[in-house]
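# Summary of the model geometry
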Amino acid sequence: MITLKNIEKVYQTKSIETVALQNVNLTVPQGEFLSIMGPSGCGKSTLLNIMGLLDVPSSGTVEIGGKLITSYKDKELAHLRNEKIGFVFQSYHLIQDLSVLDNVELPLLYRPHVSAADRRKRAQVALEKVGLSSRTGHYPSQLSGGQRQRVAIARALIGMPEIILADEPTGNLDSVMGEEIMQILLDLNRQEFTTIVMVTHDEQMAQKTERLVRFFDGQQVSDAKLYDFQKA
Amino acid sequence: MLKNYIKIAWKVLLRRKFFTFISLFGISFTLMVLMVVTALFDHTFGPQMPEQKTDELLFVNIMREQRDGGFMSSGPPSYYFLNRYVHTLETPENVSINSVFVTVNSYVNNKKLALDIKFTDAQFWQILDFNFLEGKPFGKQEVAYASRVAVINENTRRQYFGTGEAIGQEIEVDQVNYKVVGVVEDVPVLRLHSYADIWVPITLRSQEFKNTGLRGTYFATIKARQAADIPGIKNEYAHMMQEVERQNPEKGTALHSFPDSILESFARTLLGKGREGKLGLLYVILTGITLLFMLLPTINLININISRIMERSSEIGVRKAFGASSNTIIGQFVVENVFLTLIGGLFGFALSALVLEMINDSRLIAYADLSLNLRVFAWGLLLCLIFGLISGVYPAFKMSRLHAVEALKGGSK
């Protein structure tokens, strides 16, 4: 599903060269729930951004669904992100001026063939999945952190992407809320066979996923298979 | 998608009240000034009563003689020239000769009334679309017999006759009594070729017809059968000018006279030294002035927009992450800005309607009836869109280039 080969990411300023990722080779099969751990600044988020086609590696190749995307133009990358990938961010990144329903609809706005009525219907279904169907008319500022993250998850899954990339989705939440969010992600992975890559600092959360990859100083230092959800 | 963009634009406007006020004030004030100028322009050059069919009308108002040494003299042509040469043109449907208006005195109840009088032929009333409120124009017969009849405007009627009967009554102007045969709606002073307070038969000034010089105090109004005949009339006129005989021709003297539309006449006088057309140049200058005038508020709006959009970098990042291309982002912010500009435009329209009303009431321009008609509205809408596009595209382009990852770091909500 996602294949990274010899990925290197270097940030260059006038005086300093910072290596964020070095010689990363990683394959994430379809339907896997992978977590990535490591100390702050070790390149986890950079890696997630590269997987999500939001950033480009300094060298190496990225394949999504068997397609090499190195030569893709902005418009093609946007299309691929829209069709294949859903994002969940630590700080939710909901649009404050839009209602919960409008926020969830957002990815479908970029699919011209989806009608407004269909968008609305699918947004309601997505919100039901995350248990927020009663809050459609609310605005992000009227929701708790956990509720905001649920909206963000509904937004990520409305387009039925094959991959969800979650960057510390429970990082801003208390443990109860964190558990709830984690459960939604686990259900999504098990029931809908969605590939999930989650960056986390939380060992407990990571231990609930199928596979755990650890990073240190931009390099992959371990790769452990914890469970096989498909067989379980 | 468009609905979504407008929805968010509206929310942003409500949330950022100060920015919204500054933006809207700039837009509406700029557009108000442009709209007032456009209304004034339209009032002076556009189709307005009584010169409704401007595309079929030409005016002769200048006769210019230029000598070798550069010495030049110019002024309105004479009755002799217009009657002998212009009246005999074959391409036009109709030609009217009428005098330049002059101010004369009239007295009513011992009160002095300054009236502008114009001497016209009967064709004048056929060519132009005056709005008769009472009576009718004088005809060929009255002109042929130099009858002392007059058509007066609404204002003169009110001042001289009050609420009483006017038609058939006598009005004394410059110590001459005229019988009123018609009352017309006031014609704005900006319509120099048609304007007056009182119109009387041209033959009442027949002593001036003897002057066989080429310059005098008369205009000609030429009506084409259709707009397409205008070039033909101009050609015939140019040929006719070569045939004009002069009583004491001085060697090397050039004679210039042209049948022009109102705007052409303005451009020729202002920019063409009375000889060359220069309408194109006038359009370039007017466009340049408009753009220059719009430049400062546009730059301001661009700056405001950049800071306004910068605050929404997180949103740009999210939109990019979920499938918006850079072009889509540009589209969104341009739509938002055009929306904002159109709202500003609405305020601008309201403000300009107010200012035009004030100009009309102030009597700054005699009988001016400046208004926001459909033409002015269309121009205003166009200006709004140009303003919105110019001030929206650059900030949108700049922000669309923002790297998605950087954009997402820009805000956390």
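Residues numbered from 1 in each chain as written. Chains lettered and ligands numbered in written order. Predicted model: local features only at pLDDT ≥ 70, side-chain atom pairs only at ≥ 80, totals over all residues. Heavy atoms only, no water.

Per an unreviewed UniProt entry, chain B carries the name ABC transporter permease and comes from Pontibacter diazotrophicus. According to the UniProt record, the Subcellular location (unreviewed entry) comment for chain B is "Cell membrane". (UniProt positions renumbered as here; feature names shortened; annotations may be inferred.)

Labelled according to an unreviewed UniProt entry, chain A appears under the name ABC transporter ATP-binding protein, originating from Pontibacter diazotrophicus. Turning to chain A, the UniProt record has this under Sequence similarities (unreviewed entry): "Belongs to the ABC transporter superfamily. Macrolide exporter (TC 3.A.1.122) family."

Bringing the overall build of chain B into the picture now. Helix and strand content of chain B: 13 helices and 13 strands. Looking at the 413 residues of chain B, the share that counts as buried comes to 51%. Sequence-distant contacts in chain B: of pairs separated by 6 or more residues, those separated by 24 or more amount to 74%. For chain B, the computed accessible surface area is about 19300 Å², with 59% contributed by carbon and sulfur atoms. (Helix = DSSP H or I, 4+ residues; strand = E, 2+ residues; numbered from the N terminus. Buried < 20%, exposed > 50% of the residue type's maximum accessible area, 1.4 Å probe, protein only. Contact = heavy atoms within 4.5 Å. Areas by Shrake-Rupley, 256 points an atom, 1.4 Å probe, with all protein chains shown as cover.)

Looking now at the interface of chain A and chain B. Taken residue by residue, the interface counts 29 residues in chain A and 27 residues in chain B. Interface area for chain A against chain B, summed over the two sides, is near 2500 Å², with a carbon-plus-sulfur share of 60%. If you sort the residues of chain A by the area they bury against chain B, A:His93, A:Asp97 and A:Tyr110 come out on top, with a joint share of 28%. Our count for the contact surface shared by chain A and chain B stands at 0 salt bridges. Where the side of chain A that touches chain B is concerned, the elements lending two or more residues are helix 2 (74-84), strand 6 (85-88), helix 3 (100-109), helix 4 (116-129) and helix 5 (145-158) of chain A. For the side of chain A that touches chain B, the element with the most residues is helix 2 of chain A, which contributes 5 residues. In the side of chain A that touches chain B, the residues fall into 14 nonpolar, 6 polar and 9 charged. (Buried area = accessible area lost by both parts, 1.4 Å probe. Salt bridge = Lys/Arg side-chain N within 4 Å of Asp/Glu carboxyl O. Nonpolar A, V, L, I, M, F, W, Y, C, P; charged D, E, K, R; others polar.)

All names here are of chain B. Direction vectors running N to C along helix 2 (residues 17-45) and helix 8 (residues 262-271) enclose 105 degrees, while the axes themselves pass 9 Å from each other. With respect to helix 8, the element helix 2 is oriented roughly perpendicular. For the pair helix 2 and helix 8, the contacting residues are Phe41, Thr44 and Phe45 in the first and Ile262, Leu263 and Phe266 in the second. Taken together, the residues of the contact of helix 2 with helix 8 sort by class into 5 nonpolar, 1 polar and no charged. (Axes fitted to C-alpha atoms, helices over the stretch in contact; angles between N-to-C directions. Parallel < 35°, antiparallel > 145°, perpendicular 65-115°, else oblique.)

Residue and element names in this part refer to chain B. As for its position among the elements, Ser106 is in strand 5 (residues 102-108). Since its relative accessible area comes to 0%, Ser106 is described here as buried. A polar atom in the side chain of Ser106 sits 2.6 Å from the backbone oxygen of Glu172. Beyond its immediate sequence surroundings of up to four residues, Ser106 is in contact with Lys111, Lys112, Leu113, Leu115, Tyr160, Glu172 and Val173. (Polar contact = N/O pair within 3.5 Å; in protein donor to acceptor, adjacent residues only side chain to side chain.)

Residues and elements named next belong to chain B. A full pass over the atoms with the stated rule returns 18 aromatic pairs over all chains. Considering the side-chain rings of Phe124 and Phe130, the 5.5 Å spacing of their centres and the 45 degrees angle between planes classify their relative orientation as tilted. Under the relative-accessibility criterion, Phe130 is labelled buried at 10%. Connected via pairs of aromatic rings, a cluster forms that spans Phe124, Trp125, Phe130, Phe132, Phe138 and Trp199. (Phe/Tyr/Trp six-rings, centres within 6.5 Å; stacked < 30°, edge-to-face > 60°.)

Attention now goes to the pairing of strand 6 (residues 111-120) of chain B. All names here are of chain B. For strand 6, a buried count of 7 out of 10 residues is recorded, marking the element as mostly surrounded by other parts of the structure. Inspection of the sheet shows strand 5 paired to strand 6 by 7 bridges, in the antiparallel sense. What sits directly across from Tyr107, in strand 6, is Lys112. The sheet contact formed by strand 6 and strand 11 (residues 198-201) spans 4 bridges and is parallel. Within the sheet, the bridge partner assigned to Ile117 lies in strand 11 and is Ile198. (Pairing = 2+ DSSP bridges.)

A separate point is a nonpolar patch on the surface. Taken together, B:Phe18, B:Phe21, B:Ile22, B:Phe25 and B:Phe29 make up a surface patch of nonpolar side chains, about 560 Å² in accessible area. Structurally, B:Phe29 can be placed in helix 2. (Patch = residues over 30% accessible without salt bridge, like charges linked within 9 Å, V, L, I, M, F, W, Y side chains within 5 Å.)

All right, on to the nonpolar core then. The biggest cluster of nonpolar side chains holds 69 residues, and the ones touching the most others in it are B:Phe81, B:Val86, B:Ile171, B:Ile198, B:Trp199 and B:Met240. When we break this core down by domain, the ones giving at least three residues each are domain 1 (2-47 + 281-409) and domain 2 (62-259) of chain B. Counting residues in hydrophobic clusters, the runner-up holds 55 residues, among them A:Leu26, A:Val197, A:Val199 and B:Ile8. (Core = buried A, V, L, I, M, F, W, Y, C linked by side-chain atoms within 4.5 Å. Domains from an automatic or database assignment.)

Across the 10 residues of helix 3 of chain A, 10 count as buried, placing the element largely inside the fold. When helix 3 of chain A is considered as a whole, its buried residues turn out to be A:Val100, A:Leu101, A:Asp102, A:Asn103, A:Val104, A:Glu105, A:Leu106, A:Pro107, A:Leu108 and A:Leu109. If you follow the buried residues of helix 3 of chain A, they end up packed against helix 2, helix 4 and helix 5 of chain A together with helix 1 (2-15) and helix 10 (313-321) of chain B.

Before going further, it helps to examine the sheet that holds strand 1 (residues 2-12) of chain A. What holds strands together in a sheet is hydrogen bonding between their backbones, with the strands either parallel or antiparallel. All names here are of chain A. Pairing is antiparallel across the open sheet formed by 4 strands, whose spatial order is 2-1-4-5. Strands with a single pairing partner mark the edges of an open sheet, and in this sheet they are strand 2 (17-28) and strand 5 (67-68). Pairing between strand 1 and strand 2: 8 bridges, direction antiparallel. Looking at strand 2, one finds that Leu4 is bridged to Leu26. Here helix 1 (residues 44-51) sits on the sheet in contact with strand 1, strand 2 and strand 4 (59-64), set at roughly 55 degrees to strand 2.

The next subject is helix 12 (residues 374-400) of chain B. When the terminal C-alpha atoms of helix 12 of chain B are compared, their 37 Å separation across 27 residues agrees well with the 39 Å that a helix rising 1.5 Å per residue should span. Within helix 12 of chain B, the axis deviates most sharply at B:Val393, by approximately 30 degrees, and proline B:Pro395 lies no more than four positions further along. (Expected span 1.5 Å × (residues − 1). Bend = angle between axes of the 7 residues up to and from the residue.)

This part takes up the side chain of B:Asp260. With respect to the element layout, B:Asp260 can be found in the loop between strand 13 (254-256) and helix 8. Looking at B:Asp260, its side chain comes within polar contact range of the side chain of B:Arg268, at 2.7 Å.

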